[in-house]
Amino acid sequence: MKRTARAFWIGSPGHGEIRDVPLPDPAEDEVLVRSLWSGVSRGTETLVFRGGVPESQHAAMRAPFQDGDFPGPVKYGYLNVGVVEEGPAALLGRTVFCLYPHQTRYVVPASAVTPVPDSVPAGRAVLAGTVETAVNALWDARPLIGDRIAVVGGGMVGCSVAALLARFPGARVQLVDADPTRAKTAEALGVGFALPADALGDCDLVVHASATEQGLARALELLTPEGTVLELSWYGDRKVSLPLGEAFHSRRLVIRSSQVGTVSPNRANRSYADRLALALDLLADPALDALVTGESDFEELPDLLPRLASGEIPALCHRVRYTDMG
């Protein structure tokens, strides 16, 4: 009998469904993984769920194991942790991370999974993809000892960046967000917190991750002369206005983009695998549990995504729990 698995698909913008999908037998260089957990990256995945990926970015936004095309039907996601049930002896029985969508079981090349260190709980390892984004951002930004730094936007990516920056010697790090409840998250991560109007200025570096026009404008205001805004936000099909008049040029401010799709040129000697392995090692820090703000069963995904997309459920990373579904 042909094996099947269960997968979450976006049938059309705003509508999700669980589908049975064929499960091939793994080849000699492949693994069969049974999902334990997956994570919903609220910003990107709700953008995809709403059908907000611009046509010009359809190719750039494809996930590694995406099925279908934008705006739908499409199977999308990239934060999966599971256990290898079939495959090479070195991986058999290992807990692994894979950039795979929400699916109960799946078959991928053995090279596509990364073993989770014993020091990292499987449920926390779903954060690896986002921490990897933060690693790449800091490779791009190259913060220095003693820098004055703000992270504007306390979502999943912004909080991951702030968590890593908290480790920099002598750095003044402040998480800036319009939601005062993010103060508790900042405290758990070991960084300061401020509402936008109260944020500390004279920053050498501001990492912007709020995906709002107001947030980017405030990020520029917080810079010291010749300071840099590292832009991590993804705006989809929205146009953004910037205040590039007044003192923008005389203060010689810099806006630089960063995106996880390529390894930072500042680390040209590192591979994608190196970057992901580093992110998993960094997840040994239990403070990062603060980024997991909700949990649901896999079968609840069709009802969950509309609530995440509307903001009814506020979330950083919403974790999806799997039981053995055969």
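Let us look at the structure shown here. Being a predicted model, the structure only gives us computed values, none of them experimental.

### A short note on helix α2 (residues 128–141)
Compared with an ideal rise of 1.5 Å per residue, which puts 14 residues at 20 Å, α2 spans 20 Å between its outermost C-alpha atoms and is within 8% of the ideal. Here α2 lies mainly inside the structure; 13 of its 14 residues are buried.

### Description of the state of the cysteines
Following the criterion strictly, the structure yields 0 disulfides and no others. Not part of a disulfide, C98 finds its nearest cysteine sulfur in C317, a span of 16 Å. The structure places no disulfide on C159, whose sulfur is separated from the nearest cysteine sulfur, that of C317, by 12 Å.

### Topic: the packing of helix α1 (residues 42–50) against helix α7 (residues 301–310)
Contact geometry of α1 with α7 gives a least axis separation of 9 Å together with a crossing angle of 110 degrees. With respect to α7, the axis of α1 lies roughly perpendicular. Contact residues: α1 offers R42, E45, T46, F49 and R50, while α7 offers L305, P306, L308 and A309. Looking at the contact of α1 with α7 residue by residue, the classes come out as 5 nonpolar, 1 polar and 3 charged.

### Some points on unusual backbone geometry
The amide bond that connects F70 to the next residue, P71, takes the cis arrangement and shows omega of 0 degrees. Within the element layout of this structure, P71 appears in the loop between β4 (67–68) and β5 (74–75). Residue P73 follows G72 across a cis peptide bond; omega there is 0 degrees. With respect to the secondary-structure elements, P73 resides in the loop between β4 and β5. Here D202, not a glycine, exhibits a phi torsion of approximately 55 degrees, which is positive. Take D202: it is sitting in the loop between β12 (192–194) and β13 (203–208). Of note in the backbone geometry, E226 takes a positive phi value of approximately 70 degrees without being a glycine. For E226, a relative accessible area of 55% puts it in the exposed group.

Conventions used here
Residues numbered from 1 in each chain as written. Predicted model: local features only at pLDDT ≥ 70, side-chain atom pairs only at ≥ 80, totals over all residues. Heavy atoms only, no water. Helix = DSSP H or I, 4+ residues; strand = E, 2+ residues; numbered from the N terminus. Expected span 1.5 Å × (residues − 1). Buried < 20%, exposed > 50% of the residue type's maximum accessible area, 1.4 Å probe, protein only. Disulfide = S-S within 2.5 Å. Axes fitted to C-alpha atoms, helices over the stretch in contact; angles between N-to-C directions. Parallel < 35°, antiparallel > 145°, perpendicular 65-115°, else oblique. Contact = heavy atoms within 4.5 Å. Nonpolar A, V, L, I, M, F, W, Y, C, P; charged D, E, K, R; others polar.

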